[in-house]
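Observations on the model geometry
Each chain, letter by letter, is given below.
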Amino acid sequence: MRLIVAPDRASAAKLTADIIERFVKSTAPAVLGIATGATMEEPLAEVVRRHRRGAFSLARTEIYLLDEYIGLEPGGRDTFRSAVDRRFVSRTDVPAAAVHSPDPHATDLGAECDRYEQEVRGAQIGLQLLGIGTNGHIAFNEPGSALDGTTRVVELSEQTRTDNARFFAGRTEPPTTAITQGIATILAARELLLVACGPSKACALARAIEGPVTEMIPASALQLHPNATVIADPSAASELASASAVHESPFDVPMTSGVENQ
Ligand code: GLP
């Protein structure tokens, strides 16, 4: 695993955008897995700004979402799909047909999960962006999720529903269930990039990076991946014993742990 502690949250967003930019420029089609959530807003906004300045095109990018709530109004603004369309796709030249997500309104959700799993595996994600929940979740793989789990319907933990209530702002209660890629699905991506900002992520991040690989901290599964990078701001990195250096570039930081080094 490669750990990058950025000088601040804005720098973390820029370093994340650097990695996305390099990926999009170097691969065609660039199959990009996107996480939703507040952490990704600024990195994706930075990618949009660079694209609009003419730095690169996203016309040959395919987008795959990690997860989606069940039970929201189709196309409603609180769905992850709408958020990605609104904040990213509609502001770039990513073709609308190049955006893929699980359908939470399918009549047979089990079959839909199997379909999306096959679609994601067939596409072979090149770069998968990830956030981390305060309880250590990745996508909606809550504590206790099997490390070999695939795309499925899950119950959201009370912690996650409380954390995400801010996005619904009283319009509706956060849903209780969702479709999520499984940990095995996520680990099948060629490269993982997890971004963590803010003090609320410090405990989960330390356990994910420096603790044992355990189903109780789903993000600890990144330790099993040969090409996983974590970008943290200083507050998210504050409980890490190993985070001594602050980095200005994502490309000169060596791998320090993970299967490659064992
Ligand atoms: C959410 C999403 C994840 C996201 C994570 C962190 O619940 N399911 O995909 O990355 O939790 O969210 P945030 O960045 O808002 O803290």
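It should be noted that the structure appears before, not after, this text.
Residues numbered from 1 in each chain as written. Predicted model: local features only at pLDDT ≥ 70, side-chain atom pairs only at ≥ 80, totals over all residues. Heavy atoms only, no water.

Close to the ligand lie 14 residues; Ala38, Thr39, Asp67, His137 and Lys201 are nearest. Separating a nitrogen atom of the ligand from a backbone N or O atom of Ala139 is a distance of 3.2 Å. Here an oxygen atom of the ligand and a side-chain polar atom of Arg166 are 3.0 Å apart. For the ligand, whose unbound accessible area comes to 390 Å², protein coverage reaches 95%. Given that more than half its atoms are within 2 Å of the pocket grid, the ligand belongs to the largest pocket. (Near = heavy atom within 4 Å. Polar contact = N/O pair within 3.5 Å; in protein donor to acceptor, adjacent residues only side chain to side chain. Areas by Shrake-Rupley, 256 points an atom, 1.4 Å probe, with all protein chains shown as cover. 1 Å grid on protein atoms, 1.4 Å probe; cavity = no way out; pocket = protein on both sides within 12 Å on 5 of 7 lines; lining within 4 Å. Sits in = over half its atoms within 2 Å of the grid points.)

Time to look at the sheet that holds strand E4 (residues 67-69). Across the sheet, three strands lie side by side as E4-E8-E7; this open sheet has antiparallel pairing. Of all strands in the sheet, those bounded by a partner on one side alone are E4 and strand E7 (152-155). Across the sheet, the axes of successive neighbouring strands diverge by a mean angle of 30°, strand direction being ignored. Here E4 runs beside strand E8 (residues 177-180); their pairing, made up of three bridges, is antiparallel. Bridge assignment links Asp67 to a residue of E8, and that residue is Thr180. (Pairing = 2+ DSSP bridges. Helix = DSSP H or I, 4+ residues; strand = E, 2+ residues; numbered from the N terminus. Axes fitted to C-alpha atoms, helices over the stretch in contact; angles between N-to-C directions.)

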